[in-house]
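In case you want the letters, here they are:
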Amino acid sequence: MRQYLPFHTNKDQDIAPYYCNHVAAITGAGSGMGRELAIHLAQMGCHVALSDINAVQLAQTKELLVGYDIKATMTVLDVSDHKAVEAWADSVMADHGKVNFIFNNAGVALYSTVEGSSISELEWVMDINFWGVVYGTKAFLPLIKNSVKQSEVASDSSASKDGKPRQFSKNGHIINISSLFGLTAQPSQSAYNASKFAVRGFTESLRQELDIQRCGVSATCIHPGGIKTNIANSARGNDSINDIGMRTGPKAIQSFNKFLKFDASNAAWIILQAAATNQPRCLIGNDAKIIDAVQRVFPSTYSQILNDINKISRKIKTRRHKKSSTTK
């Protein structure tokens, strides 16, 4: 339950050695969890390479890091551009001399039915949410592996033959952000679901490969629930969801934002803790944990059960609202 306690900066000391004097690259660092990851990492003495498609917000994040004894660089980046991501990885190596962590955090959302979504809308979501993660992983993985390999501690030559773990003085990790919607599907979220399920499968397979290689680098898949970020305000959508009884426009964004309750700073801390303790999967928020549990117990009928839970919750809220109104 520690992750639900109020955030205190002195908790940084628990995992600070894992990040101190290392280099972390972060996509989507202009706001939300990306910005909070940068702040926490800087507090722990980790150098950061920041990227975001929004130059103004990215500069604001970098300004927040002034005063920490770390080097911070920034690059305006579209993660859906393969060549641009590769160029950014090269520049991180040129600026910092090494790289230990990549946080593939950038993401977007789309609300639409399958029938109502255009191919271009689907491609927009997949290009950023999935291919952006793939490009980031592919560009940084060999650099991270090499940075860690150079820190290998000399050991008995028979160690590798005997299957003993190799020892490294530096750390390396791939952190890919999936979602609660990478665990369960939701109406109006087919594109987002597809992208986040893909991130999950990609990352879990990657982790298994890295474990076999015993290269000192691992991977963690993050499944946040409703985190207070700007994703709802930047989401795209269309009127097709009216056909399934859902709202569009400002009302849809307002409804989406009500779902985003978990503090982004706390979420970033949980992510950093998960990577430092080499967790294969990290669920953030009670909503993610409850829905994941329901899906595991009822893999074929979880959608109906979750709908029933939502109906009961709405009825309870309505009764409470009426009761409070009558007592005034």
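(A) Up close: the nonpolar core. Counting residues in each nonpolar core, the largest one holds 39 residues, and the members touching the most others are Y19, I26, L41, F103, I271 and I284. Those elements giving two or more residues to this core turn out to be helix 1 (12-19), strand 1 (23-26), helix 2 (32-43), strand 2 (47-52), strand 4 (101-104), strand 6 (172-177), helix 9 (264-276) and strand 9 (281-284). If one sorts the elements of this core by residue count, helix 9 sits on top with nine residues. Once you skip the residues sitting within four places of it in the chain, F103 turns out to touch Y19, A24, A25, I26, T27, L37, L41, I175, I271 and L272. Grouped together as the second largest cluster of nonpolar side chains are 32 residues, L110, L143, I144 and F168 included.

(B) The arrangement of the environment of N105 in detail. With respect to the helices and strands, the residue N105 is situated in the loop between strand 4 and strand 5 (110-111). Sequence separation between N105 and D52 is 53 residues, and the spatial gap between their C-alpha atoms is 9.8 Å.

(C) Just unusual backbone geometry, in detail. Here the phi dihedral of S188 falls at roughly 80°; this positive angle occurs in a residue that is not glycine. Along the chain, S188 falls in the loop between strand 6 and helix 7 (190-213). Look at N278: it is not a glycine, yet its phi comes out positive at around 55°. As for its placement among the helices and strands, N278 is situated in the loop between helix 9 and strand 9. For N278, a relative accessible area of 33% corresponds to the partly exposed category.

(D) Focus on the packing of helix 2 against helix 9. Contact geometry for helix 2 and helix 9: axes closest at 8 Å, N-to-C directions at 60°. Classified by chirality, the crossing of helix 9 by helix 2 is right-handed. Of the residues in helix 9, those in contact with G32, M33, E36, L37, H40 and L41 of helix 2 are A264, S265, A267, A268, W269, I271 and L272. Classifying every residue of the contact of helix 2 with helix 9 by side-chain character gives nine nonpolar, three polar and one charged.

(E) View of the environment of W88. Its place among the elements puts W88 in helix 4 (residues 82-96). The spatial distance from the C-alpha of W88 to the C-alpha of M74 is 9.5 Å, given a sequence separation of 14 residues. Not counting residues within four places of it along the chain, the set of residues in contact with W88 comprises A25, I26, T27, A49, L50, S51, T75, L77, I102 and F140.

(F) Up close: the pairing of strand 3 (residues 72-76). Sheet topology note: the strand 2/strand 3 ladder contains five bridges and is parallel. In the sheet register, D52 faces strand 3, and the bridge partner there is V76. What joins strand 2 to strand 3 is helix 3 (residues 55-64), and the crossover it makes is right-handed.

(G) Layout of the packing of aromatic side chains. A full pass over the atoms with the stated rule returns eight aromatic pairs. Both rings, one in Y19 and one in F101, keep their centres 5.1 Å apart while their planes meet at 55°; by these two values the pair is tilted. Within this pair, whereas Y19 is found in helix 1, its partner F101 is found in strand 4, the two being separated by 82 residues in sequence. For Y19, a relative accessible area of 0% corresponds to the buried category. Each member of the aromatic cluster is reached from another via a ring pair, and the members are F130, W131, Y135 and F202. In this structure, R236 packs its charged tip against the face of W124, placed 3.8 Å from the ring centre.

(H) The pattern of salt bridges, seen in detail. Taken as a whole and judged by the stated rule, the model has six salt bridges. For D211, the salt bridge identified is with R207, shortest N-O distance 4.0 Å. One end of the pair is D211 and the other is R207, both in helix 7 and four residues apart, which spans about a single turn. What makes D211 partly exposed here is its relative accessible area of 42%.

Criteria and thresholds
Residues numbered from 1 in each chain as written. Predicted model: local features only at pLDDT ≥ 70, side-chain atom pairs only at ≥ 80, totals over all residues. Heavy atoms only, no water. Core = buried A, V, L, I, M, F, W, Y, C linked by side-chain atoms within 4.5 Å. Buried < 20%, exposed > 50% of the residue type's maximum accessible area, 1.4 Å probe, protein only. Helix = DSSP H or I, 4+ residues; strand = E, 2+ residues; numbered from the N terminus. Contact = heavy atoms within 4.5 Å. Axes fitted to C-alpha atoms, helices over the stretch in contact; angles between N-to-C directions. Left-handed = near helix turned anticlockwise from the far one by under 90°. Nonpolar A, V, L, I, M, F, W, Y, C, P; charged D, E, K, R; others polar. Pairing = 2+ DSSP bridges. Right-handed = clockwise from strand over helix to strand, strands pointing away. Phe/Tyr/Trp six-rings, centres within 6.5 Å; stacked < 30°, edge-to-face > 60°. Lys NZ or Arg CZ within 6 Å of the ring centre and 35° of its normal. Salt bridge = Lys/Arg side-chain N within 4 Å of Asp/Glu carboxyl O.

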